[in-house]
Amino acid sequence: LPSVLCLGDCQLQTSCRIQECTTNFVSLTSHLNLALEEFDLEFCKALRAYSACTYRNSKVCRGNLVYHSVVLGISDLMSQRNCSKDGPTSSTSPEVTHDPCNYSGYTEAREHQAGGKTPASAYVFCGLFGDPHLRTFMDRFQTCKVEGAWPLIDNNYLSVQVTNVPVFPGSSATATNKITIIFKSYQDCTDQKVYQAVTNDLPAAFVDGTTSGGDGNVKSLQIVEKVSGKYVEMHAKYIGTTVYIRQLGLYLTLAIRMPQDLVLAYRESQDLQLCVNGCPSSERIDNSGHLPLPVMGQLLPQGGAAYPQSVYTLETASTKCHETIVIKDIYFHSCVFDLLTTGDTNFTAAAHTALQDVEALHPRKEQWHIFPNSGSHVVGKGSKFCVSLGFVCLISVAFL
C-alpha cells in the first residue's frame, strides 16, 4: 500500500474522519491477492468506496493536509489500476463509516455494529387534518378545537406550530390555516431554516428563499414541490424526517415521520406538544368522550350558535365519503363527521389524502387503519362521537 495511507501516526482534527476512511480501505483490501483473477475488480470497488468516504468528509477535512494527500493518492491508484469513477463500491467493511448528515445511514451503521437491523419501530408518525383531527406519535386519535397557535412538535431538532381558526363564526370546530416549521441548525449539515405556509400561499421554498440546506451538492435538507401551491414535501436526511403539507380548500393538512429517539429529545418545559401528548382535555371537542352528531346537517356547538345548514344527511355523507375511502376506519368516520358539520367536500379530500399520507409515511402497515371500538353501543337512534382507550370512535347505526 502507498505510504499516503498512514495509520495511527496522523495528527488529524477531531471532526475529520479521514483516518476511518483509510482504516476501512485497508480492511477491504488486506485479504486481496495480486494473483486473484478478481483482484482489479475488487480493488477498484474498494477505491470507489474510499473515494466516497473522503467526499462525505470533504467539508470538515478541507483544511487537513493528510486529507488532501489521501485524495491525490486515491486518484493516482485509480489511474494505475484503470478504475472507472462510476461503478459498484465495496459494502462489506467491518468498520462502517457513517455520514453525519444522513440519519438513516448513521442508524444502519449503529445497528450493523450491534449485529441487527434498524427496526421499523424506530420511526413514528403524526398527522393533522380536517376539523382538526389529530393522530399522535402514539397512534392516539383525537378531535380538538385548539383555536389559535399551538405547538405540534417542539424538540431539540424541530419545531412545528399550527394556527387553527373557526370553520364558521362562533363555532367550536376549527381547521388549520397556517403552519410554521423551524428546522434547527445541526452541526455542519444545515443552518436554521424556517418554513411557513398559510392559506393560498404554500411556497416551495424556505422563508429566506432557499430550497435546501447543506453544503454544496450534499442536500441534507430539501423542499420538493409536488403540486404547485397545493402540495409540498420536506426531506431532512440529517434527522431522518419527512414532512408533507397540503392545501385542500381553505385549509392545510400536515403529516410527518420522525425517528422516535429524536421525538423524545426535548426538555421538560417543552412538554406541550400535540403530536406527543395529544390535545389538553379542555380543548377536546368530544367533551369527555361524547359529541352529538348533526341531525339532518344541524349541530349545536358550545355556546348555542348553529352551523350553517349542511346539505348532507348521514346517509348521503356516508355515500360521499365511501367514494374515496373504501375501508370504514376512523378516517372514513372523520370524513362523515366533517361533511355533516360543514357541508364542505374539501374535508372529504382532506380525510382521503390524510389516509394516503399515513400509508406513505407510517412505518407499521398493521397500524395504518384505526377502527371504532366494536364493543361500544349505540345510544338511541342518533349518532355519537365517542372516545375509547384513547381512540376517537364515530359510531352510528348506519355504520354497524
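Residues numbered from 1 in each chain as written. Predicted model: local features only at pLDDT ≥ 70, side-chain atom pairs only at ≥ 80, totals over all residues. Heavy atoms only, no water.

- Going by the annotation in an unreviewed UniProt entry, the name recorded for the protein is RGMB protein, with Ceuthmochares aereus given as the source organism.
- In UniProt, the protein has this text filed under Subcellular location (unreviewed entry): "Cell membrane".
- The annotation that UniProt attaches to the protein under Sequence similarities (unreviewed entry) is "Belongs to the repulsive guidance molecule (RGM) family." (UniProt positions renumbered as here; feature names shortened; annotations may be inferred.)

### Some remarks on the overall build of the protein
Then comes step 1: Helix and strand counts for the protein stand at 9 helices and 15 strands.
Then comes step 2: Across the 400 residues that make up the protein, the buried fraction comes to 47%.
Then comes step 3: If you take every contact in the protein between residues at least 6 apart in sequence, the share linking residues at least 24 apart comes to 56%.
Then comes step 4: Only carbon and sulfur atoms are counted for the fraction: they give 51% of the accessible area of the protein, which is about 19000 Å². (Helix = DSSP H or I, 4+ residues; strand = E, 2+ residues; numbered from the N terminus. Buried < 20%, exposed > 50% of the residue type's maximum accessible area, 1.4 Å probe, protein only. Contact = heavy atoms within 4.5 Å. Areas by Shrake-Rupley, 256 points an atom, 1.4 Å probe, with all protein chains shown as cover.)

### What about the packing of helix α1 (residues 18-29) against helix α2 (residues 39-56)?
Any two packed helices are characterised by the angle at which their axes cross and by the distance between the axes.
Then comes step 1: Orientation of α1 relative to α2, taken along the N-to-C sense of each, is 170°, at an axis distance of 9 Å. On the basis of the axis angle, α1 is roughly antiparallel to α2. Taken together, the residues of α2 that come into contact with α1 (itself represented by Ile18, Cys21, Thr22, Phe25, Leu28 and Thr29) are Phe43, Ala46, Leu47, Ala49, Tyr50, Cys53 and Thr54.
Then comes step 2: For the contact of α1 with α2, the class distribution of residues is 10 nonpolar, 3 polar and no charged. (Axes fitted to C-alpha atoms, helices over the stretch in contact; angles between N-to-C directions. Parallel < 35°, antiparallel > 145°, perpendicular 65-115°, else oblique. Nonpolar A, V, L, I, M, F, W, Y, C, P; charged D, E, K, R; others polar.)

### Points about the pairing of strand β10 (residues 231-236)
Consecutive side chains of a regular strand alternate in pointing toward one face of the sheet and then the other.
Then comes step 1: Across the 6 residues that make up β10, a large majority, 5, are buried.
Then comes step 2: With 6 bridges joining them, strand β9 (residues 221-227) and β10 adopt antiparallel strand pairing. Paired with valine 224 across the bridge in β10 is glutamate 233.
Then comes step 3: From the end of β9 to the start of β10, which pair antiparallel, there are 3 residues, and glycine 229 there has a positive phi angle of about 75°.
Then comes step 4: With 6 bridges joining them, β10 and strand β11 (residues 241-248) adopt antiparallel strand pairing. Following the sheet pairing, glutamate 233 is matched in β11 by tyrosine 244. (Pairing = 2+ DSSP bridges.)

### Considerations on the packing of aromatic side chains
Then comes step 1: In total, this model carries 12 aromatic pairs according to the counting rule given.
Then comes step 2: Ring plane angle 70° and centroid distance 5.7 Å describe the contact between phenylalanine 25 and phenylalanine 43, whose orientation is recorded as edge-to-face. Taken together, the residues phenylalanine 25 in helix α1 and phenylalanine 43 in helix α2 connect sequence positions 18 residues apart. Comparing phenylalanine 25 with phenylalanine 43 shows no difference in burial state: the two are buried.
Then comes step 3: Where phenylalanine 141 meets tyrosine 331, the ring centres are 5.5 Å apart and the plane angle is 85°; that geometry is what we call edge-to-face. A residue pair is termed long-range when its members are at least 10 positions apart, and phenylalanine 141 in strand β3 (residues 141-143) and tyrosine 331 in helix α8 (residues 330-342) qualify at 190 residues.
Then comes step 4: The exposure class assigned to phenylalanine 141 is buried, which follows from its relative accessible area of 0%.
Then comes step 5: What links up through ring pairs into an aromatic cluster is the set Phe25, Phe39, Phe43 and Tyr50.
Then comes step 6: Above the plane of the ring of phenylalanine 43 lies arginine 81, whose end atom (NZ or CZ) is 5.8 Å from the centre.
Then comes step 7: We note arginine 257 situated over the ring of tyrosine 123; from NZ or CZ to the ring centre the distance is 5.9 Å. (Phe/Tyr/Trp six-rings, centres within 6.5 Å; stacked < 30°, edge-to-face > 60°. Lys NZ or Arg CZ within 6 Å of the ring centre and 35° of its normal.)

### A short note on the pairing of β9
Then comes step 1: With 2 bridges joining them, strand β8 (residues 212-213) and β9 adopt antiparallel strand pairing. Looking at β9, one finds that glycine 213 is bridged to leucine 221.

### Here's the deal with helix α3 (residues 65-80)
Then comes step 1: Over its 16 residues, α3 runs 23 Å from end to end, which matches the ideal 22 Å to within 8%, given 1.5 Å per residue.
Then comes step 2: Turning to α3, its buried residues number three or more, namely Tyr67, Val70, Gly73, Ile74, Leu77 and Met78. Within α3, the buried residues cover an arc of 135° as seen down the axis, which keeps them to one side. The exposed residues of α3 that point more than 90 degrees off its buried face are Leu65, Leu72, Ser79 and Gln80. (Expected span 1.5 Å × (residues − 1). Arc of directions from axis to C-beta.)

### Considering the nonpolar core
Then comes step 1: In terms of nonpolar packing, the biggest core is built from 43 residues, with Leu152, Ile181, Tyr195 and Ile245 touching the most fellow members.
Then comes step 2: The contacts of leucine 152, once residues within four sequence positions are left out, are Leu128, Leu134, Val160, Gln161, Val162, Leu254, Gln273, Leu274, Cys275 and Val276.
Then comes step 3: Of all hydrophobic cores here, the second largest spans 24 residues; its members include Tyr312, Cys321, Ala351 and Ala354. (Core = buried A, V, L, I, M, F, W, Y, C linked by side-chain atoms within 4.5 Å.)

### Brief notes about the sheet that holds strand β4 (residues 148-154)
Then comes step 1: Strand order in the open sheet formed by 4 strands is β4-β5-β6-β7, and the pairing between neighbours is antiparallel. Single-partner strands in this sheet number two, and they are β4 and β7 (193-198). Adjacent strand axes in the sheet meet at a mean angle of 20° when their direction is disregarded.
Then comes step 2: Of the pairings in the sheet, the one linking strand β5 (residues 158-166) to strand β6 (residues 174-183) comprises 9 bridges and is antiparallel in character.

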